[in-house]
Amino acid sequence: MESDRTGAAADRPWHALAVDEALRDFVTGRDGLEDSEAVRRLAAHGPNRLPAAKPRSAFRRFLAQFDNLLIYVLLAAAAITLALGHVIDAGVILGVVIINAVVGFVQEGRAEQALDAIRSMLAPQASVVRGGPRLTVAAEELVPGDLVLLEAGDRVPADLRLIRSRNLRIEEAALTGESVPVEKAPVPVAADAPLGDRSSMAFSGTLVAAGSGAGVVVGTGTATEIGRVSALVGTVEKLTTPLLRQMDTFARRLTAVILGGAAAVFAFAVLARDYAAEDAFLTVVGLAVAAIPEGLPAVMTIALAIGVRRMAARNAIVRRLPAVETLGSVSVICTDKTGTLTRNEMTVRAVVTTAGSFAVTGVGYEPRGAIRRDEEDVDPATHPPLAELARAALLCNDAALRQVGDGWVVEGDPMEGALVAFARKAGLEPELRRHLPRTDEIPFDAQYRFMATLHHGHDGGGFLCVKGAPERLLAMCDRQRGAADDEPLDRDAWRARVEALAAEGQRVLALATKPMPAGRRDFTFADAEGGLTLLGLVGLIDPPREEAIAAVRDCQAAGIRVKMITGDHAATARTIAGQLGLENARDAVTGRELDNPSEPELRRAARAADVFARTSPEHKLRLVQALQAEGTVLAMTGDGVNDAPALKRADVGIAMGRKGTEAAKEAAEMVLADDNFASIAAAVREGRAVYDNLKKVIAWTLPTNGGESLIIIAAILLGFTLPLTPVQILWINMVTAATLGIALAFEPPEPDVMRRPPRAAREPLLSGLLVWRIVFTSVLFVIGAFGMFFWALQRGLPLEAARTIVVNTIVVMEIFYLFSVRYQYRTSFTREGVLGTRAVLLAVAAVTALQFLFTYAPVMQALFETRPVAFRDGLAIVLVGVALLVPLELEKLVGRCLGRLRGHDHRA
Ligand code: ATP
């Protein structure tokens, strides 16, 4: 770092230097570094990041796969079986365990990679001034000497020596543990000031709680204070959710039950059925292996990870995994308007001054177009209030337009970009900002809804430019700019003009000005809040996103109420809500009505209304609380630093990836990469699909385990010859768990996922319906297996051949059952139902190949005591599979009818 300091003041710490000394020290002008110099310094200092925590080694990850009670039981069984000299049995049990571990290892690795990729999508950014214009760059690319701009909600991207500040308050808990924000200003402090008192510095990793500022980077990466405190960042999030933990507990209890049951069966076999202890033991081991759903936890994790990946592909980046589950039960989505439901591509369409109304032509941000009245172009210079309004629009503005290829893009706020385009159409050049330099400002804040700047001309005369929400500005003005002179303000006339523009769906902004004494270099709220002269209004259009209209419709069909919460004017909000097709678009509730209502009133308003206008972030929090008290599970969007409490409180807080502040992103469960409402609907869809898939995985795994166990228990209790040997049971588990079981984790959403109402928040995963299906299917498996067994014996086939038929029958039934489970409520007898998916087909092909080997390969015949199955018997086996579908589909049909009879949805 020292290499970039001129050395003049290198013996004193930065916080004690004067601003100009600090700038000189890093050879940085007020326009920031040149790009080439930034590149050179990046090469010299390396990227601005802290070394990441070391990931677990592959070997450790593999070992972790065995750290599971179900696996311990299996390993113990293998050890005892081996001690008894049954090498094949022990080998197959080990095979089950290892295959399970390999599958878990590979899939978990992919899941972790997916999460890493998602994390990098959330890499922080910084606003810098380089060679003049303001740019957004990745925080990693900052170098010492860069000029960084700070705004409320930003995470400070590097250690900065402040050169400018406005009400800047920074929360330094990350560094000092102190959660009360401290005031910051460029004034130097004593060289020996402790960290917490260095108010002239902004430290990397701390959070801008309010105000704005700028600073020169003095330390990046490990050379920052936070880098010194902790050399490592990045905690590894465990791949789990409440639901998975619940299943884990369930699996552990199930293991205890299985072990108890197995002991009882062992005792019964030896005491009541005269089994030799060793045979009985082997059978019971087979039983335990059959019953233990050892693959379940891994497959459920995989289903979750696939969901996260699919959501990321749809621009919904999950920051906290439990959100994936919660999304499936969301019944209300509260969303911002600007940029989420609308395109946030603003264009000034109308201007109103005391001289009348003007239309503005042109497309997008391209600064080409005309100002017209009565179908004729007008020259703004001949309409003084209009010219002055355009000047204020350009000066009270931080945005810049940049030409990229054929198009124009905005650096900064899109609405301000639209104002720059308008000012240029009115004949002004951006250079005007240099000629009328700004010496002080009050940045825009959703709390007070205006922005004000102080400028000085060559003659030294000063004036304020103010822009903001019309009601707010009308209260701050007492005069209006007339053609010749100032006139008293006619508030009612202006209110009518605002209403007229807003009713067309335009966002309305008012602009005002005020002369200031020549010597004043700064100003206060009191200066800006009174004695202003109104220049006029601008109307901006920001059309709804087409895809948002469709997504709102999807949500409504899915039983999800969409509510719009906006800072905009009520009339604008109503019109846009109507265009979007929100249910109750006509009645907008305004923020003021939410200020002091009684609890029941607040709840009633929150429940009934769908449009909330002129709201501030506190209103969002109150709405979340009111709706939650009504028992809704809700998602809430937000972007500002003040939205963080509402985002934290909501069941699923959703932050905007582009225009959102770091503070909002960190408070949120999910971040939208494209700020688009349609992505929320897509995430809900995927969330529901994940939950469905978890249920399907369970619905498939448990009955197959249950069916196999019941077959053995029934045989022992009733004193039949075992229809399959313990080692054959192990084989079935080994081949089906690694193939069929996993296929379900990849299931796409069912076609009707967005036509069902949301799942009740408290609905247990093992619902009554699911438990019933597990029992029902287990019984069907027993009937099919015993039926084939006795039929084979009756025809005089040897025991080994009959057992081979039984093994194949069970596997075939599992395959057919898989097809049935893929649709929970609908019939599987459809084109897509029969064709399956790639994952399903691959799994079926793999299992079929393995079963052919098992049946016909000589070594398998020796290992597993199998015999070839005749073609006719093979056909019969497949027919049993087909026949299994009949009761399963009938059950779904009855369920659907019952649901309809009861007047419910089709979920019986
Ligand atoms: P949403 O909450 O749906 O994103 P919004 O962007 O309109 O809507 P806010 O950002 O809170 O909400 O803005 C509220 C009002 O403040 C706007 O309607 C506008 O009148 C005014 N406003 C917004 N941005 C600025 C700005 N940069 N300068 C001055 N006034 C602004």
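Note that the structure is predicted; figures quoted are calculated from it, not measured. (Residues numbered from 1 in each chain as written. Predicted model: local features only at pLDDT ≥ 70, side-chain atom pairs only at ≥ 80, totals over all residues. Heavy atoms only, no water.)

Visitor: How would you summarise the overall build of the protein chain if you had to cite specific residues and measurements?
Guide: Check the secondary structure of the protein chain and you find 31 helices and 28 strands. Residues counted as buried form 55% of the 908 residues belonging to the protein chain. In the structure as shown, the protein chain presents an accessible area of about 37,300 Å², 58% of it carried by carbon and sulfur atoms. Charged side chains in the protein chain number 98 positive and 104 negative. The centres of these two groups are separated by 4 Å. (Helix = DSSP H or I, 4+ residues; strand = E, 2+ residues; numbered from the N terminus. Buried < 20%, exposed > 50% of the residue type's maximum accessible area, 1.4 Å probe, protein only. Areas by Shrake-Rupley, 256 points an atom, 1.4 Å probe, with all protein chains shown as cover. Lys, Arg positive; Asp, Glu negative; His and termini not counted. Charge placed at Lys NZ, Arg CZ, Asp CG, Glu CD.)

Visitor: Pulling in residues and values, what's your account of the site of the ligand?
Guide: Close contacts around the ligand come from 22 residues, with Lys337, Thr338, Phe444, Lys467 and Arg507 the closest. Here a nitrogen atom of the ligand and a side-chain polar atom of Glu416 are 3.2 Å apart. Gly567 places a polar main-chain atom, nitrogen or oxygen, 3.1 Å from an oxygen atom of the ligand. Notes on the ligand: free accessible area 610 Å², of which the protein chains cover 89%. Of all the elements in the fold, those that place two or more residues in the shell around the ligand are α13 (414-425), β18 (462-468) and β21 (507-516). Here the residues of the shell around the ligand sort into 8 nonpolar, 4 polar and 10 charged. (Near = heavy atom within 4 Å. Polar contact = N/O pair within 3.5 Å; in protein donor to acceptor, adjacent residues only side chain to side chain. Nonpolar A, V, L, I, M, F, W, Y, C, P; charged D, E, K, R; others polar.)

Visitor: Account for the nonpolar core, naming residues and giving values.
Guide: With 175 residues, the main nonpolar core has Met300, Ile333, Phe677 and Trp731 as its most contacted residues. For this core, the element with the highest residue contribution is helix α24 (residues 677-718), accounting for 19 residues. Residues in contact with Trp731, not counting those within four places in the same chain, are Val92, Val807, Leu850, Gln851, Phe854, Met860 and Phe864. With 39 residues, the next largest nonpolar core counts Val360, Ala392, Val420 and Leu509 among its residues. (Core = buried A, V, L, I, M, F, W, Y, C linked by side-chain atoms within 4.5 Å. Contact = heavy atoms within 4.5 Å.)

Visitor: Describe the packing of helix α18 (residues 546-557) against α24, listing the residues and the values that go with them.
Guide: Interaxial distance between α18 and α24 falls to 8 Å at its minimum, and their mutual angle equals 35°. Considering how the two elements wind past one another, α18 and α24 form a crossing that is left-handed. For the pair α18 and α24, the contacting residues are Glu547, Ala548, Ala551, Val552 and Cys555 in the first and Phe677, Ala678 and Ala681 in the second. Of the residues that constitute the contact of α18 with α24, the class distribution is 7 nonpolar, no polar and 1 charged. (Axes fitted to C-alpha atoms, helices over the stretch in contact; angles between N-to-C directions. Left-handed = near helix turned anticlockwise from the far one by under 90°.)

Visitor: Which residues make up the sheet that holds strand β27 (residues 652-656), and what values do they have?
Guide: Pairing is mixed across the open sheet formed by 8 strands, whose spatial order is β8-β28-β27-β26-β9-β23-β25-β24. At either end of the open sheet lies a strand with only one pairing partner, and these are β8 (316-318) and β24 (588-590). Direction aside, the axes of adjacent strands within the sheet are offset by 20° on average. Sheet strands touched by helix α19 (residues 570-580): β23 (561-565), β24 and β25 (611-613). Its angle to β25, the strand with the most contacts, is close to 155°. Packing against the sheet, helix α21 (residues 617-629) makes contact with β9 (332-335), β23, β25 and β26 (634-638), and its axis sits at approximately 175° to β26. (Pairing = 2+ DSSP bridges.)

Visitor: I'd like a description of α18, backed by residues and values.
Guide: Here α18 spans 17 Å end to end across 12 residues, near enough to the 16 Å set by a 1.5 Å rise per residue. Restricting attention to buried positions, one finds in α18 the residues Ala548, Ile549, Ala551, Val552 and Cys555. Within α18, the buried residues cover an arc of 165° as seen down the axis, which keeps them to one side. Facing away from the buried surface of α18 by more than 90 degrees, the exposed residues are Glu546 and Arg553. In the segment just after α18, Gly559 is the residue with positive phi, at about 75°. (Expected span 1.5 Å × (residues − 1). Arc of directions from axis to C-beta.)

Visitor: Tell me about the environment of Gln794, and name the residues and values.
Guide: Relative to the helices and strands, Gln794 is located in helix α26 (residues 768-794). Assessed through its relative accessible area of 66%, Gln794 is described here as exposed. In the structure, Gln794 is positioned 631 residues away from Ile163 in sequence and 95 Å away in space, judged by C-alpha atoms.

Visitor: Describe in detail unusual backbone geometry, supporting the description with residues and values.
Guide: Phi at Asn315 is positive, roughly 70°, even though this residue is not glycine. Counting through the fold element by element, Asn315 comes out in the loop between α10 (296-313) and β8. In this model, Glu375 sits at a positive phi of 65°, which is unusual for a non-glycine residue. Considering the arrangement of structural elements, one finds Glu375 in the loop between β12 (371-373) and β13 (376-377).

Visitor: Could you give an account of the pattern of salt bridges, with specific residues and numbers?
Guide: For the coordinates displayed, the defined rule picks out 42 salt bridges. Salt-bridge contacts for Asp692 lead to Arg756; the nearest nitrogen and oxygen are separated by 3.1 Å. Placement of Asp692 in helix α24 and of Arg756 in the loop between α25 (726-743) and α26 is noted, with a sequence separation of 64 residues between them. Considered together, Asp692 and Arg756 belong to a single accessibility category, that of buried residues. Measuring nitrogen to oxygen at the nearest pair gives 3.9 Å for the salt bridge that ties Glu750 to Arg756. A relative accessible area of 2% means that Glu750 is categorised as buried. Within the structure, one salt-bridge network assembled from shared partners comprises Asp692, Lys696, Glu750, Asp752 and Arg756. (Salt bridge = Lys/Arg side-chain N within 4 Å of Asp/Glu carboxyl O.)

Visitor: Talk me through the pairing of β27; I want residue IDs and the actual numbers.
Guide: Counting buried positions along β27 gives 5 out of 5 residues, so the element sits mostly inside the fold. Alternating residues of β27 divide into Val652, Ile654 and Met656 and Gly653 and Ala655, and every residue in both groups is buried. Judged from the 4 bridges that link them, β26 and β27 form a sheet pairing that is parallel. When the bridges of β27 are listed, Gly638 appears paired with Ala655.

Visitor: Break down helix α27 (residues 799-821) for me, with residues and values.
Guide: With 23 residues, α27 should reach 33 Å at 1.5 Å per residue; the first-to-last C-alpha distance of 32 Å fits that figure. Burial runs high along α27: 21 of the 23 residues are buried.

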